[in-house]
Amino acid sequence: MSKPAAPLKGRAARLARLMPSTGPSTAARTPFVLLVVLLLGGGLITLLLLNSALNEGSFRLSELKRDTTELTDEQQALQRDVDSRSQPDALERRARELGMVPGGSPAFLNPDGTVRGNPTEATAPPSPSPSPTPSPSAPADAGTPAAAGIPDVPSGSAPPSGSVPATALATEPDPASAAESTPPPTSPGR
């Protein structure tokens, strides 16, 4: 029903020869389109992998920061513990628990070999004996000296045996009596 196309002449024929026909042009474009689609798909997959690797690194970084914070807190707590145990009163209390006593007066050796000073042996002060505790049936009055841990000693009388007057706790102990009650501790290297 339709007539075949008439052959082109002149200028139209030359233009028709320059323009490719519809059949071979689709076949030539197919590899190019596939190449572009493959490049775009590969780029998207690479971008997805790169993004997931960055997110994984971000999660690892936040985990390491949290661990660093926890370890810093632990280090500061340990440093506070060391500082509290390094205070002079804590060191003295721990030394007394271990049976150590304050040293006596030191002696020094001069370069010529003479001894300067009078060395004395370190002696332990007498340990205070525990004060008698009131019986549970008789409650102690909070205002009395016995309730405060000070033995009740009438003035002008000697303290009961085994108790130490409060004034004796504040003064130096007698070295002779201290040497009789406890032997001097030995220290390694002396």
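Basis of the calculations
- Residues numbered from 1 in each chain as written.
- Predicted model: local features only at pLDDT ≥ 70, side-chain atom pairs only at ≥ 80, totals over all residues.
- Heavy atoms only, no water.
- Helix = DSSP H or I, 4+ residues; strand = E, 2+ residues; numbered from the N terminus.
- Buried < 20%, exposed > 50% of the residue type's maximum accessible area, 1.4 Å probe, protein only.
- Salt bridge = Lys/Arg side-chain N within 4 Å of Asp/Glu carboxyl O.
- pLDDT = per-residue confidence, 0-100.
- Contact = heavy atoms within 4.5 Å.

(A) View of the overall build of the protein chain. Per the secondary structure count, the protein chain includes 5 helices and 2 strands. The N-to-C order of helical and strand elements in the protein chain reads α-α-α-β-β-α-α. The buried share of the protein chain, reckoned over its 190 residues, is 2%.

(B) Quick look at the pattern of salt bridges. One pass over the full model with this rule turns up 4 salt bridges. Measuring nitrogen to oxygen at the nearest pair gives 3.3 Å for the salt bridge that ties Arg60 to Glu63. Highlighted residues: Arg60 and Glu63, both in helix α2 (residues 22-85), separated by 3 residues, approximately one helical turn. One salt bridge connects Arg96 with Glu92, and the closest N-O pair in it is separated by 3.1 Å. Here Arg96 pairs with Glu92, and both are found in helix α3 (residues 88-97), just 4 residues apart, close to one helical turn.

(C) The arrangement of the confidence of the model for the protein chain in detail. Confidence along the protein chain averages 74 in pLDDT terms, with 58% of residues attaining 70 or more. For the protein chain, the element scoring lowest by mean pLDDT is helix α4 (residues 166-170), at 42; α3 scores highest, at 92. For residues 142-151, every residue scores under 50 in pLDDT, and the model assigns this stretch 7 contacts once sequence neighbours within four places are set aside. With pLDDT under 50 throughout, residues 153-181 is counted as low confidence; its partners more than four residues away or in other chains account for 16 contacts.

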